[in-house]
Number of protein chains: 2
Amino acid sequence: MQNKISKATIVRLPQYYNCIEEMLTQGIDHISSSALAKKMDITASLVRQDFNVLGLFGQQGYGYPTQKIYLKIKDLMGINCHHHIIIVGTGNLGQALVINNHFEKYGFHIVGLFDVNPRLIGLEISGIKIQSIDNLEEFIKKNRITMAVLTVPENCAKKIGKQMVDAGIKAIWNFSHTDLNLPEKITVENICLSDSLMKLSFRFHLQNVS
Amino acid sequence: MQNKISKATIVRLPQYYNCIEEMLTQGIDHISSSALAKKMDITASLVRQDFNVLGLFGQQGYGYPTQKIYLKIKDLMGINCHHHIIIVGTGNLGQALVINNHFEKYGFHIVGLFDVNPRLIGLEISGIKIQSIDNLEEFIKKNRITMAVLTVPENCAKKIGKQMVDAGIKAIWNFSHTDLNLPEKITVENICLSDSLMKLSFRFHLQNVS
C-alpha cells in the first residue's frame, strides 16, 4: 500500500502532523475532513483521499480520532524511531542547524559533526566535538550511521555524498545546492533555498506589480 | 490571467526556470513538453497545462522556444527587477544566508542587516554593517524597502514581523519556525526545515523499513 503514496501526499504529511498535534494540545479528540481541510487550505476530498491512501480511517458522523491519527502518522513517518545522524560541514549553516536543534523532537539525535577546516576541528557545539572529515568513513561504519545532513559547499558535495554512501549512509538531508547524483535507493531530501526565494519573488510580483 | 495561477504551478515555476536555464547553457533552442516533463519527473500534459496558464505557447512540431520561455518566466517571477532586501536576525543562519549569497543571481541586493545582539551590532558581513534593530523601522521607511528576510528566534518573530509591515514591508522570507499572522496582502514564504526533515524521515522509513 505504502509504495503508492504520491509525492504530493508526502509533502502534505508533515502539515497534517503539525495540524493534528496542535489540535491535540487544544484537547480536540475528533476532527472532520472539512475542518482539517480548512486549516490546511486544501479541499476536504483531498484530505479523505490522502488519509485513505495512508490507511487512516474516520467514523461516519464523528470524523477522525485525532490521537489515533496522530500516532499513525508519527509511526508512518518513522518519528517513533530513534535515528542517529551526523552533520557534515559545520560552517554557519551547519552550526545554525545544531544550535536551533529541531532534530530531537522528531527522534533524530546528532552523534557526530565533521569539517575540513582546522580552525573548527576540536571545537564543541552543543556538547558535540567537531571531528576531521578524515574520520568520516570510519565513524559511519563503526557506528552504523544511516542518515546524514550535508552542509558543505557545492564544489565538494558530490564527492562527500558518494563517500558517505559507500560507507553506509542511506538518507541525506542535502543543503549543498547541487544534485548529488546518488543511486535511486538512497533517500535524498534537497533543501532548495533559491527555489523558495524565487517563489517569494513571483508571489510578491503577482500581488504588487500585475 | 495571472491571478488564476495555482499554488502547485507556482511551486513548479522555479523548477521550470532552472531546467530551461540549464538547457540554454547546453545550446538547446527548442524543447518539447514531453522532454521537459521527463527532466522534471512530471507528465507532459501538466507541463502544457502550466505553460498555458502562464501564457507560454509552443509551436506544433517544434516545441517551446527555450530563450523566449526563459525570459518570460524570468519576467513573471520578477527576476528582471532589482529588489533591495534586508536581513533581520544575523545569528548563524542569517550570516550563512549573507555569506552563501544566492540573492544577487535573482536580482536581490542586500542593503541592510539588523540584530538585537550588542556583540554583533557594528560588525561587517560581506561588507555590510550590522545595525541595531532600533533603526529597523526608520531604515525601511527612509529607503522604501519592501522585502525582508526574517531569521530571528520564534518568540519575537510575530512582533518584528508586524513592526516591519507597519513600516512598509510587503514580502517576508520567513525562517522563524512560526506563522507570522500577517494580513493576506503581505506575501510570506515560510521555510519549514522541520517539514523537510520529516519528509526525509518518512521517505527513508518507506524505503528501508516497510
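See the structure shown above.
This section reports on the structure supplied with the text. (Residues numbered from 1 in each chain as written. Chains lettered and ligands numbered in written order. Predicted model: local features only at pLDDT ≥ 70, side-chain atom pairs only at ≥ 80, totals over all residues. Heavy atoms only, no water.)

1. Points about the overall build of chain A
Selection rule: In this text, helices come from DSSP runs of H or I with a minimum length of four residues, and strands from runs of E with a minimum of two, each type numbered from the N-terminal end. Throughout, exposure labels follow a simple rule: accessible area from a 1.4 Å probe, protein chains only, divided by the maximum for the residue type, with under 20% read as buried, over 50% as exposed, and the rest as partly exposed. In this analysis, two residues are considered to be in contact whenever any of their non-hydrogen atoms come within 4.5 Å of each other. Here the open area of atoms and residues is found with the Shrake-Rupley method and a 1.4 Å probe, where only the protein chains shown may cover a residue. Counting rule for charge: Lys and Arg are taken as positive, Asp and Glu as negative, and neither His nor the chain ends is counted. Here the site of a charge means NZ on Lys, CZ on Arg, CG on Asp, or CD on Glu.
Helix and strand counts for chain A stand at 8 helices and 9 strands. Counting over 210 residues, chain A shows a buried share of 50%. Sequence separation of at least 24 residues holds for 55% of the intrachain contacts in chain A that already meet a minimum separation of 6. Total accessible area on chain A is roughly 10500 Å²; 49% of this is exposed by carbon and sulfur atoms. Within chain A, the 18 negative side-chain charges are centred at a point lying 4 Å from the centre of the 22 positive side-chain charges.

2. Looking at the sheet that holds strand 6 (residues 128-132) of chain A
All names here are of chain A. Selection rule: For two strands to be treated as a pair, DSSP must find no fewer than two bridges joining them.
On the basis of which strands lie adjacent, the open sheet formed by 7 strands has the order 5-6-4-3-7-8-9 and mixed pairing. If you trace the sheet from one side to the other, it starts and ends with strand 5 (124-125) and strand 9 (187-190), each paired once. Note that strand 4 (residues 108-115) and strand 6 share 3 bridges and pair parallel. By the bridge assignment for strand 6, Asp115 is matched with Ser132.

3. Focus: the interface of chain A and chain B
Threshold: Two parts placed together each lose some accessible area under a 1.4 Å probe, and adding up what both lose gives the buried area. Under the rule applied, a polar contact is a pair of N or O atoms within 3.5 Å (in protein, one hydrogen donor and one hydrogen acceptor; residues adjacent in sequence only if both atoms are side-chain atoms). Residues are grouped as follows: nonpolar covers Ala, Val, Leu, Ile, Met, Phe, Trp, Tyr, Cys and Pro; charged covers Asp, Glu, Lys and Arg; every other residue, Gly included, is treated as polar.
Listed as interface residues are 60 residues of chain A and, on the opposing side, 60 residues of chain B. Taken together, the two surfaces of chain A and chain B that pack against each other cover about 5700 Å², and 66% of this comes from carbon and sulfur. If you look at where chain A meets chain B, you find 14 residue pairs in polar contact (both at pLDDT 80 or more). Elements with a contribution of two residues or more to the side of chain A that touches chain B: helix 1 (7-25), helix 4 (66-76), helix 5 (92-99), strand 8 (171-174), strand 9 and helix 8 (193-208) of chain A. Considering every element that reaches the side of chain A that touches chain B, the biggest residue donor is helix 8 of chain A, with 16 residues. Taken together, the residues of the side of chain A that touches chain B break down into 31 nonpolar, 19 polar and 10 charged.

4. Comments concerning the environment of Val165 of chain A
Residues and elements named next belong to chain A. Looking at the secondary structure, you find Val165 in helix 7 (residues 154-167). As a C-alpha pair, Val165 and Ile140 span 25 residues in sequence and 9.5 Å in three-dimensional space. Discounting residues that sit within four places of it in the chain, Val165 has contacts with Ile172, Leu182 and Ile186.

5. Things to note about the relation of the copies chain A and chain B
Relating one copy of the chain to the other requires a rotation about an axis plus a shift along that axis. Rules: Copy-to-copy alignment: least squares on C-alpha atoms, limited to residues at pLDDT 70 or above in both.
The two copies are related by a screw operation: chain A maps onto chain B through 180° of rotation and 0.1 Å of translation along the axis, at an RMSD of 0.1 Å. The transformation relating the two chain copies, once decomposed into turn and shift, fits a two-fold axis. Of the C-alpha atoms belonging to chain A, the one lying closest to the rotation axis is found on Asn92 of chain A, 2.4 Å away.

6. Here we look at the pairing of strand 3 (residues 83-88) of chain B
Residues and elements named next belong to chain B. Rules: When the strands point away from the viewer, a crossover counts as right-handed if the route from the first strand across the helix to the second turns clockwise.
Counting buried residues in strand 3 gives 5 out of 6 residues, a clear majority hidden from the surface. With 6 bridges joining them, strand 3 and strand 4 (residues 108-115) adopt parallel strand pairing. Pairing of Val88 across the sheet is with Phe114, part of strand 4. Assessed by its sense of winding, the connection that carries the chain from strand 3 through helix 5 (residues 92-99) to strand 4 is right-handed.

7. A look at the pattern of salt bridges
Filter applied, for reference: Between Lys or Arg on one side and Asp or Glu on the other, a salt bridge is scored when a side-chain nitrogen of the former is within 4 Å of a carboxyl oxygen of the latter.
For the structure on display, the rule yields 10 salt bridges over all chains. Glu189 of chain A is paired through a salt bridge with Arg203 of chain B; the nearest N and O atoms lie 2.8 Å apart. Taken together, the residues Glu189 of chain A in strand 9 and Arg203 of chain B in helix 8 (residues 193-208) connect one chain to another. Linked by salt bridges that have partners in common, Glu189 of chain A together with Lys199 and Arg203 of chain B make up one network.

8. Some thoughts on the side chain of His205 of chain A
Looking at the secondary structure, you find His205 of chain A in helix 8. Within polar-contact distance, the side chain of His205 of chain A engages the backbone oxygen of Asp75 of chain B at 3.4 Å.

9. With respect to the sheet that holds strand 4 of chain B
Heads up, the rule is: Each axis is a line fitted through C-alpha atoms, taken for helices only over the stretch in contact, and angles between the N-to-C directions span 0 to 180 degrees.
Strand order in the open sheet made by the 7 strands is 5-6-4-3-7-8-9 (chain B), with mixed pairing throughout. Either end of the sheet is taken by a strand with one partner, and the two such strands are strand 5 (124-125) and strand 9 (187-190) of chain B. With 4 bridges connecting them, strand 3 of chain B and strand 7 (residues 147-150) of chain B associate as parallel partners. Residue pairing across strands places Val88 of chain B opposite Leu150 of chain B, the latter belonging to strand 7 of chain B. Along the sheet, helix 8 of chain A contacts strand 3, strand 4, strand 7, strand 8 (171-174) and strand 9 of chain B; its crossing angle with strand 9 of chain B, the most-contacted strand, is approximately 165°.

10. Let's talk about helix 5 of chain A
Counting buried positions along helix 5 of chain A yields 6 of 8 residues, so the element is predominantly enclosed. Taken together, the buried positions of helix 5 of chain A are occupied by Leu93, Gly94, Gln95, Ala96, Leu97 and Val98 of chain A.

11. A short note on unusual backbone geometry
All names here are of chain A. Even without being a glycine, His177 presents a positive backbone phi close to 60°. Topologically, His177 is positioned in the loop between strand 8 and strand 9. Of note, Asn181 is a non-glycine position whose phi angle comes to about 50°, a positive value.

12. Thoughts on the packing of aromatic side chains
Residues and elements named next belong to chain A. Basically, it comes down to this: Geometry of aromatic contacts follows a simple scheme: Phe, Tyr and Trp rings, the Trp one being its six-membered ring, pair when their centres are within 6.5 Å, and the pair is stacked under 30 degrees between planes, edge-to-face over 60, tilted otherwise.
Enumeration over the complete set of coordinates arrives at 12 aromatic pairs over all chains. Summarising the aromatic geometry, the rings of Trp173 and Phe175 are spaced 4.8 Å apart at their centres and angled 75° between planes, so their arrangement reads as edge-to-face. A residue is classified by how much of its surface remains accessible, and Trp173, at 2% relative accessible area, is buried. Clustering of aromatic rings is evident, with ring pairs tying together Tyr16, Phe51 and Tyr64.

Interpretation in functional terms is not warranted from these geometric data alone.
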